[in-house]
Amino acid sequence: MILPEGSQRLLAFLALKGRLIRRQAVAGTLWPVATEDHASSSLRSALARLHEGARAAVESTARDLGLSGDVTVDLWDSRELAHRLLAPQGSPSAGDPGPEAIRALSRELLPDWYDEWVLVEAEDWRQLRLHALEALADRLAARGKYGDAAAAALAAVRAEPLRESPRAALIRVHIAEGNPSEALREFARYGELLELELGVEPTERLRALVADLGAVTLR
Amino acid sequence: MADAPAIALLTIRAWCEEGSESPLRAEIRLTGDVASGFQTRLTVAHAESVVNAVRVFLEDVLSPSDE
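Residues numbered from 1 in each chain as written. Chains lettered and ligands numbered in written order. Predicted model: local features only at pLDDT ≥ 70, side-chain atom pairs only at ≥ 80, totals over all residues.

Just checking my understanding: could you explain the overall build of chain B for this structure?
When you go through chain B residue by residue, the secondary structure sums to one helix and three strands. Across chain B, helices and strands are ordered from the amino to the carboxyl terminus as β-β-β-α. Look at the contacts in chain B between residues 6 or more apart in sequence, and 30% of them connect residues 24 or more apart. (Helix = DSSP H or I, 4+ residues; strand = E, 2+ residues; numbered from the N terminus. Contact = placed C-beta atoms within 7 Å.)

Explanation requested: the environment of Gly37(B) in the structure shown.
Mapped onto the fold, Gly37(B) is located in the loop between strand S2 (24–31) and strand S3 (40–44). Taking the number of C-beta atoms within 10 Å as the measure of exposure, Gly37(B) has 13 and is therefore partly exposed. Residues within four places of Gly37(B) in sequence aside, it is in contact with Asp112(A) and Thr31(B). (Buried ≥ 20, exposed ≤ 12 C-beta atoms within 10 Å, placed from the backbone.)

Any chance you could explain the sheet that holds strand S1 (residues 21–22) of chain A here in plain terms?
Across a sheet, strands are paired by hydrogen bonds formed along the backbone, either parallel or antiparallel in direction. Residue and element names in this part refer to chain A. A sheet is described by the order of its strands in space; here three strands give the open sequence S1-S3-S2, paired in antiparallel fashion. Two strands close off the open sheet at either side, each with one partner strand: S1 and strand S2 (58–60). As judged from the three bridges shared by S2 and strand S3 (residues 64–67), these two strands associate in the antiparallel manner. Counterpart to Glu-59 in the pairing with S3 is Gly-66. (Pairing = 2+ DSSP bridges.)

Looking at this structure, I do not really get the interface of chain B and chain A. What am I missing?
Accessible area lost when the parts come together is the quantity often used to give the size of an interface. Across the contact, 13 residues belong to chain B and 12 residues belong to chain A. Broken down by element, the side of chain B that touches chain A gets its largest block of residues, three residues, from strand S1 (residues 9–16) of chain B. Residues that form the side of chain B that touches chain A fall into these classes: three nonpolar, six polar and four charged. (Nonpolar A, V, L, I, M, F, W, Y, C, P; charged D, E, K, R; others polar.)

Sorry if this is basic, but what is going on with the packing of helix H8 (residues 146–159) of chain A against helix H9 (residues 164–177) of chain A here?
Residues and elements named next belong to chain A. Packing of H8 against H9 leaves a shortest axis separation of 8 Å and a crossing angle of 165 degrees. What the angle tells us is that H8 and H9 run roughly antiparallel. Note on packing geometry: the crossing formed by H8 with H9 is left-handed. Residue-level inspection shows Tyr-146, Ala-149, Ala-150, Ala-153, Leu-154, Ala-156 and Val-157 of H8 in contact with H9, the latter providing Pro-166, Arg-167, Ala-169, Leu-170, Val-173, Ala-176 and Glu-177. Looking at side-chain class alone, the contact of H8 with H9 contains 12 nonpolar, no polar and two charged residues. (Axes fitted to C-alpha atoms, helices over the stretch in contact; angles between N-to-C directions. Parallel < 35°, antiparallel > 145°, perpendicular 65-115°, else oblique. Left-handed = near helix turned anticlockwise from the far one by under 90°.)

I tried to follow unusual backbone geometry on my own but got confused; where do I start?
Most peptide bonds adopt trans geometry, and most residues besides glycine take a negative phi value. In the Ramachandran plot, Leu110(A) falls in the positive-phi region, its phi being about 40 degrees despite a non-glycine side chain. Position of Leu110(A) among the secondary structure elements: in the loop between helix H6 (99–106) and helix H7 (116–142).

Which parts of the structure should I look at to understand the sheet that holds S1(B)?
Residue and element names in this part refer to chain B. With antiparallel pairing, the three strands of this open sheet are ordered in space as S1-S2-S3. Looking at the sheet topology across the chains shown, the edges are occupied by S1 and S3. Each neighbouring strand pair of the sheet contributes to a mean axis angle of 15 degrees, computed without reference to strand direction. Looking at chain direction, S1 and S2 are connected through eight bridges and run antiparallel. When the bridges of S2 are listed, Ile-12 appears paired with Ile-28. Of the strands in this sheet, S1, S2 and S3 touch helix H1 (residues 47–62), which is tilted by about 10 degrees from S2.

Before we go on, may I ask you to explain the domain arrangement of chain A in this structure?
Residues and elements named next belong to chain A. Assigned domains of chain A: these are domain 1 (5–67) and domain 2 (74–210). Computed from C-alpha atoms alone, the centre-to-centre distance between domain 1 and domain 2 is 35 Å. Counting residues per element, the side of domain 1 that touches domain 2 draws most heavily on helix H1 (residues 5–17), at four residues. A class-by-class count of the residues in the side of domain 1 that touches domain 2 yields four nonpolar, two polar and no charged. (Domains from an automatic or database assignment.)

Shown next as structure tokens:
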């Protein structure tokens, strides 16, 4: 069932906040250019237009709004996964992260939404998931799961093609698997992209990663 | 009822590549109408390029649209 736009935005906002929010704050955030009265009216309308199932997902008091305690949000699980992957090595992990974890960490948050409150949350999630994908690549490579490790690193590269740390993660996977030629090819590809897009070279840190593998051609 | 004016949006995501001779990286996304989504994306490595992009963006907001 498709919800009206106002109701969609309301549920998404409550899901991102993950706690009870003052009604006034909800209305002011979702309808920032409206007067307080109009924003409150829009909020009441958005709540009224929720179908029965969606309405049951919202905890509503005279003062506050939030998602009901029995509602789960995939973003919360994904964030938890990301934090587990970024925890120190000694921390316990739930299960053996693999393709499902890569999929969860590859999802952007509301990619076609441009509300200010979404943009900030989306950027926050983007940074978290990219670091988590790099950590996942290293962890999988250490366990000899090179295919999944490369997939995790590639997911981070696709999300940030000009950023160096995902490329370094991918190169480390190739080196760990015993494919120095692949590592050098990835380094060369990245170098060409940097030159083309930004007119800069890879950092010394990245060059040091491949320095012992073979010829490293410098401009 | 008159159409509401379009809202232009520009975001700058910036980070630092430590160890690079030009460490600044800034990904700029912009649109003249947020309802159409981001129409232009570019990444630059110099602050002046960011300033120029912002200047052009604001000039476009202020200039009348072409028919």
